[in-house]
Amino acid sequence: MVDALVYDLRPTEFGKEEKMKILGLLNEMTHIDNMEQYLNHAVKIYCKSVFDALNHGDISLVRFYRNEF
């Protein structure tokens, strides 16, 4: 999501306005694990699921976000 935002913005500098737009992504809603979540919480869910998958050797435990509603 960050890459897509930066690509769309095509900033010529990385100032306060650009940083605030990127930081604002954390308050965007997304879907993960069949629930609507703020991106900052979705990142936590994703990271935990990756570690769970590694610990249990089961890639199906990884939870991915999606932006389509």
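Below is a summary of the structure that appears in this document. These numbers come from a predicted model, not from an experiment.

## Brief notes about the packing of aromatic side chains
Next, step 1: Per the stated rule, a full pass over the model turns up one aromatic pair.
Next, step 2: With centroids separated by 6.0 Å and ring planes inclined at 45°, the aromatic side chains of Tyr46 and Phe64 adopt a geometry described as tilted. Placement of the pair is Tyr46 in helix 3 (residues 39-56) and Phe64 in the loop between helix 3 and strand 3 (65-66), with a sequence separation of 18 residues.
Next, step 3: The ring of Tyr7 has Arg10 lying over it, and the distance from NZ or CZ to the ring centre is 4.0 Å.

## Brief notes about the side chain of Thr30
Next, step 1: Along the polypeptide, Thr30 turns up in strand 1 (residues 29-32).
Next, step 2: Accessibility expressed as a relative area gives 0% for Thr30, which makes it buried.

Calculation notes
Residues numbered from 1 in each chain as written. Predicted model: local features only at pLDDT ≥ 70, side-chain atom pairs only at ≥ 80, totals over all residues. Heavy atoms only, no water. Phe/Tyr/Trp six-rings, centres within 6.5 Å; stacked < 30°, edge-to-face > 60°. Helix = DSSP H or I, 4+ residues; strand = E, 2+ residues; numbered from the N terminus. Lys NZ or Arg CZ within 6 Å of the ring centre and 35° of its normal. Buried < 20%, exposed > 50% of the residue type's maximum accessible area, 1.4 Å probe, protein only.

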